[in-house]
Amino acid sequence: MSWGTELWDQFENLDKHTQWGIDFVERYAKFVKERLDVEQTYAKQLRNLVKKYCPKRAKDEEPRFTSCVSFYSILGELNDYAGQREVVAEEMSHKVYNELMRYSQELKAERKHHLQEGRKAQQFLDHCWKQMDNSKKKFERECREAEKAQMTFDRLDNDINATKSEVEKAKAQLYLRTHMADESKNEYAAQLQNFNTEQWKHFNKSIPHIFKNLQNMDERRTVKLGETYRSFAEAERRVIPIVSKCLDGMVSAAKSVDERRDSAIVVESFKSGFEPPGDFPFEDFSQNLSRTGSDSTISNTPKAERDLGPIPRSEAKQTIGRSKNKLWLFGKKPKVPSLEDFSHLPPEQRRKRLQQKIDELNRELQKETDQRDALNKMKDVYEKNPQMGDPNSLQPKISETICNMQKLRSEIHKNESWLSEVEGKQSSRGDRRHSADNHHHTPGRESPEGSYTDDTSQEHHTPRHRPAQPAQPNPDPHEFDDEFDDDDPLPVIGHCKALYSFDGQNEGTLKMAEDEVLYVIEEDKGDGWTRARKQSGEEGYVPTSYVEITIEKNSKGS
C-alpha cells in the first residue's frame with residue numbers, strides 16, 4: 001500500500017508520524033548508551049576488584065601455594081572477563097549507538113527535505129487557487145457593471161426627453177462594460193483551467209511522490225532498527241566463546257588445587273635444614289675436690305660420663321658456644337649496607353657488579369672521547385674558516401670534556417683494581433678447594449668451600465647451604481655460593497622445564513615462568529638448587545623441586 005494514494009489528504013498526520021519515528025530511534029539510542037555505560041561500569045568495577053585482590057608479587061609469598069595460585073588464576077580470568085565486557089561496550093558504542101545517532105541525523109535531514117517539498121507544492125496550489133478566485137471575482141464584478149450599463153442605456157433609449165448625446169454616451173459605456181466583462185470571463189476561464197491542471201498534478205504526481213519518499217524513509221528506519229537490534233545481540237554473542245574460555249579457566253584453576261603440594265611447600269618454607277639439638281654434656285666441676293669418701297659420692301654422675309671421663313671446661317664452653325652460634329639461622333642475618341666496591345656481596349656477585357660498572361664507565365668514556373674528537377674537528381674548521389666561529393669559544397668545553405675523561409679513567413682503574421683483587425681471591429680459593437678435596441674431614445665441623453660470612457666462629461661451626469626457598473623475603477647475598485659462576489660459560493649438560501613460576505628475587509637466583517625451558521649447566525649438589533641458564537644467556541640457581549630435569553646421557557658419562 002502506498003501512502004501517496006491512500007493518504008493523499010493526511011499530510012499533517014504523516015508529519016507527526018515521521019517525527020515520532022525519529023524520536024523513537026533517538027530513544028532507542030539513549031537506551032543503548034545507558035546499556036553500554038552499565039557494561040563499562042561493570043568492567044571497571046571488576047578490574048578494580050581484581051587489582052584490589054591481586055598480590056604484589058615482590059612482597060607476597062602466597063602465590064607459591066596451589067590454592068593461592070588458583071585464586072590468582074581466577075583473578076586473571078576475571079580480569080579477562082572484564083575485558084570482554086569492555087569489548088561488548090565498545091561494540092555497542094561503535095556499531096549500535098554511534099550508528100543510530102548518525103542515522104538519526106540523516107533521517108532528520110531527509111524528512112525536512114521531503115516536508116519542505118510538500119509545503120512548497122501546497123503553497124503553489126494555494127497560489128493558483130487565489131489567482132483563479134481573484135479572476136472569478138473580477139469576472140463577477142464586471143458582469144454586474146455591464147448589467148448596470150445595459151439598464152442605463154435601455155432607460156435613456158426609451159426616454160423621449162433624453163438627448164441624443166446622453167443616449168450615445170450610455171451606449172458607449174455599455175459597450176465598454178460588455179467588453180471588460182468578456183475579458184474577465186476569458187481570464188477567469190484560463191485561471192480556472194490552470195488551477196484544475198495544477199491541482200491534478202498536485203494530488204496525482206507531487207503529493208504521491210513526496211509521500212512515497214516519506215514512506216521509503218520510514219521503512220528504511222524500521223529496517224535500520226531491526227539491524228541495530230541484531231547488532232545489539234551479536235555484540236553479546238561474539239564474546240560468548242571467550243567468556244566460556246574464561247569460565248573454563250576458572251574451573252581448571254579450581255581443579256589444580258593440590259593440598260599435598262601446599263603441605264610440601266609449607267615444609268620447604270620453614271625447614272631449617274639443621275639436625276635437632278643433642279644432649280648437653282655433663283660438666284663436672286668437682287674434679288679438683290679431694291675424694292675422701294667412697295665412689296658413691298659420684299654415683300649421680302651418668303655412667304657414660306664416668307666412662308668417658310670429665311670434659312675440660314674450655315671444650316664444654318666451646319660446644320655450648322657452637323650451639324649458640326647456630327641460632328642466627330633461625331632468624332635473619334643483619335642487612336649489610338651497600339658499598340662502592342661491592343665488598344658486601346659474595347665474590348662472584350661482586351665480580352659481576354664490578355664488571356658491569358666498568359662496562360658502563362667505558363661507554364661513558366667512549367661518549368666523552370667522541371665528543372672531544374668532534375669538538376677538535378669543529379675547532380679545526382673554525383681555525384681554517386674564522387667567519388664560521390671563534391675557535392677559542394670551544395676551548396672551555398674541550399677542557400671540561402678532557403677533565404671528565406680523566407675522572408672516568410680514574411674510576412675505571414679503581415674498579416679494575418678491585419676486579420683484579422676479586423679474581424685473584426677466586427683463583428686462590430679454587431686452589432684451596434682442590435687441596436681440600438684430597439683430605440677427609442669430619443662432616444659438620446667445617447663449612448664447605450666458598451662460604452661467605454663475617455663471623456669466623458660461624459665459618460667453622462655453621463653448616464653452609466643455599467636457601468631452600470625460592471621467594472625468601474629480604475635475602476642476604478651471603479647465602480649463595482662464592483663459586484656462583486665461572487669466567488668461561490659452563491657447558492650445557494641437559495635441560496629442564498619449569499613446573500611452577502619462580503620470582504628469583506634473591507641475589508644469584510634466576511627468575512623463571514611456568515613451562516619455561518632452561519639449560520642445565522650444574523646439577524643439584526644436595527642443597528636443593530640447580531644451576532640453569534636461559535636462552536638469553538642469563539644464569540642463576542632455581543629450586544630443584546620446581547623443575548623437571550632431563551640430563552643428557554653423554555653429559556652423565558663425562
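What counts and what doesn't
Residues numbered from 1 in each chain as written. Predicted model: local features only at pLDDT ≥ 70, side-chain atom pairs only at ≥ 80, totals over all residues. Heavy atoms only, no water. Phe/Tyr/Trp six-rings, centres within 6.5 Å; stacked < 30°, edge-to-face > 60°. Helix = DSSP H or I, 4+ residues; strand = E, 2+ residues; numbered from the N terminus. Buried < 20%, exposed > 50% of the residue type's maximum accessible area, 1.4 Å probe, protein only. Lys NZ or Arg CZ within 6 Å of the ring centre and 35° of its normal. Patch = residues over 30% accessible without salt bridge, like charges linked within 9 Å, V, L, I, M, F, W, Y side chains within 5 Å. Areas by Shrake-Rupley, 256 points an atom, 1.4 Å probe, with all protein chains shown as cover. Salt bridge = Lys/Arg side-chain N within 4 Å of Asp/Glu carboxyl O. pLDDT = per-residue confidence, 0-100. Contact = heavy atoms within 4.5 Å. Expected span 1.5 Å × (residues − 1). Bend = angle between axes of the 7 residues up to and from the residue. Axes fitted to C-alpha atoms, helices over the stretch in contact; angles between N-to-C directions. Parallel < 35°, antiparallel > 145°, perpendicular 65-115°, else oblique. Left-handed = near helix turned anticlockwise from the far one by under 90°. Pairing = 2+ DSSP bridges.

Considering the packing of aromatic side chains
Here comes step 1: Tallied over the entire structure, the rule returns twelve aromatic pairs.
Here comes step 2: Ring plane angle 65° and centroid distance 5.5 Å describe the contact between Y500 and Y546, whose orientation is recorded as edge-to-face. Here Y546 lies in the loop between β4 (539-543) and β5 (547-551) and Y500 lies in the loop between β1 (494-498) and β2 (517-522), a separation of 46 residues in the sequence.
Here comes step 3: By relative accessible area, Y500 is classed as partly exposed at 30%.
Here comes step 4: Take Y546: its relative accessible area is 3%, and that puts it in the buried class.
Here comes step 5: An aromatic cluster of three or more residues is present, and its members are Y28, F31, Y229 and F232.
Here comes step 6: The positively charged end of K224 is found above the aromatic ring belonging to Y103, 5.7 Å away from the centroid.

Focus: a nonpolar patch on the surface
Here comes step 1: A grouping of L49, Y53 and F71 is seen on the molecular surface, where their side chains present a nonpolar patch of about 280 Å² in accessible area.
Here comes step 2: As for its position among the elements, L49 is in helix α2 (residues 11-53).

So, the confidence of the model for the chain
Parts of the model with low pLDDT should not have their predicted coordinates read in detail.
Here comes step 1: Taken as a whole, the chain shows an average pLDDT of 78; of its residues, 76% reach a score of 70 or greater.
Here comes step 2: Here helix α10 (residues 456-461) is the element of the chain with the lowest mean pLDDT, 36, and α2 is the one with the highest, 92.
Here comes step 3: Below pLDDT 50 for its whole length, residues 292-334 participates in 41 contacts with residues either more than four positions away or in separate chains.
Here comes step 4: Note that pLDDT drops below 50 for residues 436-487; the model gives that stretch 124 contacts with residues more than four away or on any other chain.

Regarding helix α3 (residues 66-158)
Here comes step 1: Taking 1.5 Å of rise per residue, the 93 residues of α3 would be expected to cover 138 Å, and the 135 Å separating its terminal C-alpha atoms lies within 8% of that figure.
Here comes step 2: S93 marks the point of greatest bend in α3, at about 40°.

Description of the environment of S536
Here comes step 1: With respect to the helices, strands and loops of the structure, S536 is situated in the loop between β3 (529-533) and β4.
Here comes step 2: The spatial distance from the C-alpha of S536 to the C-alpha of L518 is 10.0 Å, given a sequence separation of 18 residues.

Things to note about the environment of K108
Here comes step 1: With respect to the helices and strands, K108 occurs in helix α3.
Here comes step 2: Setting aside its immediate chain neighbours within four residues, K108 contacts I22 and E26.

Re the packing of α2 against α3
Here comes step 1: The geometry of α2 relative to α3 is characterised by a closest axis approach of 8 Å and an angle of 165° between their N-to-C directions. By the angle class used here, α2 and α3 are roughly antiparallel. Where α2 crosses over α3, the two elements pack in a sense that is left-handed.

Examining the pattern of salt bridges
Here comes step 1: Within this structure, the stated rule accounts for 30 salt bridges.
Here comes step 2: D15 serves as the salt-bridge partner of R111, at 2.2 Å between the closest nitrogen and oxygen. Of this pair, R111 sits in helix α3 while D15 sits in helix α2, and the two are 96 residues apart along the sequence.
Here comes step 3: Judged by its relative accessible area of 12%, R111 falls in the buried class.
Here comes step 4: In this structure, E234 engages R237 in a salt bridge whose closest nitrogen and oxygen atoms are separated by 3.4 Å. On the criterion of helical spacing, the pair formed by E234 and R237 is a turn pair, its members being three residues apart in helix α4 (residues 164-255).
Here comes step 5: You can call E234 partly exposed: its relative accessible area is 24%.
Here comes step 6: A residue is classified by how much of its surface remains accessible, and R237, at 54% relative accessible area, is exposed.
Here comes step 7: Connected through shared salt-bridge partners, E99, R102, E106, K224 and E227 make up one network.

Structural notes on the sheet that holds β5
Backbone-to-backbone hydrogen bonds join strands into a sheet, with any given pair of strands oriented parallel or antiparallel.
Here comes step 1: The antiparallel open sheet is built from five strands, whose spatial order is β4-β3-β2-β1-β5. Single-partner strands in this sheet number two, and they are β4 and β5. Within this sheet the neighbouring strands show an average axis-to-axis angle of 40°, counted without direction.
Here comes step 2: As defined by bridge partners, β1 adjoins β2 across four bridges and the pair is classed as antiparallel. The residue bridging H495 from the neighbouring strand is Y519, located in β2.

Thoughts on the pairing of β1
Here comes step 1: Taking every second residue as pointing to the same face, the buried face of β1 carries G494, C496 and A498, while none of H495 and K497 on the other face is buried.
Here comes step 2: In the sheet, β1 pairs with β5 via five bridges, with the strands oriented antiparallel. Following the sheet pairing, K497 is matched in β5 by E548.

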